[in-house]
Amino acid sequence: IRTAVADGAAPAPVARDYRTAGQPPAVAGEELLDLLVDRLVDYRALVRRSSTAMVAATVVAALTERGARRVAVPEGILPAGLDRLEPGIELVGDAPPLTPAQLDVLDGVLTGCAVAIAETGTIVLDGGSGQGRRALSLVPDYHLVVVTAAQVVATVPEGLARLDPARPQTWISGPSATSDIELDRVEGVHGPRTLEVIVCS
């Protein structure tokens with residue numbers, strides 16, 4: 001190889017102007033939330049917009065329309081008033097930890113998130129308050145996530161800057177899916193078949 005390229009010109013230097021977390025976001029405010037919603041819908045996630053004051057009612061509406069009556073909830077996620085709005089919905093705690101078999105028979109799981117990345121439509125969980133352990137978001141067939149405006153960033157570098165690399169992370173971009181050699185899409189392969197996101201502002 002050295003002999004073959006000995007008389008050739010030196011390659012052009014590789015540009016290293018990567019985006020970083022310190023750069024100002026290209027979009028902000030409502031435009032940022034609109035971008036997140038657009039990307040989530042593109043990934044075939046279901047999306048609802050809500051105000052912070054109406055989040056409990058929006059959660060109830062989503063669970064009711066889904067027909068979800070028994071839903072796992074990690075510690076710290078319960079929106080104020082949810083337990084009083086709909087007595088027909090049973091919120092199942094994860095203490096002591098539910099077994100995979102117990103999780104599998106539930107109608108879904110309700111969690112928060114650590115950060116949401118608008119540009120890629122990605123929801124990141126890191127096991128913090130309101131998120132629970134990874135099994136909660138992987139075993140039930142339906143995952144309902146509450147995202148607040150303060151948790152939404154524009155880019156992946158911004159998202160990484162908010163995360164603790166020592167914590168377990170689950171990055172979710174739409175429902176779990178794969179395609180075989182014939183390009184037939186199959187959803188629910190290694191996670192929930194249905195992802196629904198409530199974006200609160």
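Counting of residues starts from 1 at the beginning of each chain's written sequence and follows it residue by residue. Given that the model is predicted, a residue must reach a pLDDT of at least 70 before its local features are reported, and side-chain atom pairs must reach 80 or more before they are shown or counted; all residues, however, enter totals for whole chains, interfaces and linings. Side-chain metrics rest on all non-hydrogen atoms present in the structure, leaving aside hydrogens and water.

**Q** Help me understand the overall build of the chain, please; the structure alone is not making it clear to me.
**A** Per the secondary structure count, the chain includes 7 helices and 12 strands. We call a residue buried when its accessible area falls under 20% of the maximum for its residue type, exposed when it is over 50%, and partly exposed in between, using a 1.4 Å probe and counting protein chains only. Looking at the chain as a whole, 41% of its 201 residues are labelled buried. Throughout, a contact is declared for two residues whenever any of their heavy atoms are within 4.5 Å. Considering only contacts in the chain between residues 6 or more positions apart, those separated by 24 or more positions represent 71%. Computed by Shrake-Rupley with a 1.4 Å probe, the accessible areas treat only the displayed protein chains as cover when residues are assessed. In the form shown here, the chain has an accessible surface area of approximately 11100 Å², with 55% of it arising from carbon and sulfur atoms. Secondary structure elements follow DSSP: runs of H or I of four or more residues count as helices, runs of E of two or more count as strands, with numbering from the N terminus.

**Q** Can you help me understand the pattern of salt bridges in this one?
**A** A side chain of one charge can pair with a side chain of the opposite charge if their charged atoms are brought near each other. Basic side-chain nitrogens of Lys or Arg form a salt bridge, by our definition, when they fall within 4 Å of a carboxyl oxygen of Asp or Glu. A full pass over the atoms with the stated rule returns 9 salt bridges. Close ionic contact of Asp38 with Arg39 constitutes a salt bridge, the shortest N to O distance being 3.0 Å. For Asp38, a relative accessible area of 43% translates into the label partly exposed. Asp141 serves as the salt-bridge partner of Arg193, at 2.8 Å between the closest nitrogen and oxygen.

**Q** In this structure, what is going on with the side chain of Glu196? I would like to understand it.
**A** Looking at the secondary structure, you find Glu196 in strand S12 (residues 194-200). Among the polar contacts listed, one links the side chain of Glu196 to the side chain of Tyr142, at a separation of 2.6 Å. With residues up to four places along the chain from it excluded, the contact list for Glu196 reads Leu46, Arg48, Ala62, Tyr142, His143, Leu144 and Val145. Whenever two N or O atoms come within 3.5 Å, that pair is a polar contact, provided that in protein one can donate a hydrogen and the other can accept it, and provided that, for residues adjacent in sequence, both atoms are side-chain atoms.

**Q** Is there a simple way to think about the pairing of strand S2 (residues 70-73) in this case?
**A** Two strands qualify as a pair provided DSSP detects at least 2 bridges between them. One ladder, built from 4 bridges, connects S2 with strand S3 (residues 90-93); its direction is parallel. Its bridge partner being in S3, Ala72 is matched across the sheet by Val92. With 2 bridges joining them, S2 and strand S4 (residues 108-111) adopt parallel strand pairing. Residue pairing in the sheet places Ala72 in a bridge with Val109 of S4.

**Q** Quick question: what am I supposed to make of the environment of Ser173 here?
**A** As for its placement among the helices and strands, Ser173 is situated in the loop between strand S9 (170-172) and strand S10 (177-179). Through-space distance from the C-alpha of Ser173 to that of Leu40 is 7.4 Å; in sequence the pair is 133 residues apart. Aside from chain neighbours lying at most four places away, what touches Ser173 is Tyr43, Thr120, Gly121 and Thr122. Within the structure, the side chain of Ser173 is placed 2.8 Å from the side chain of Thr122, a separation counted as a polar contact.

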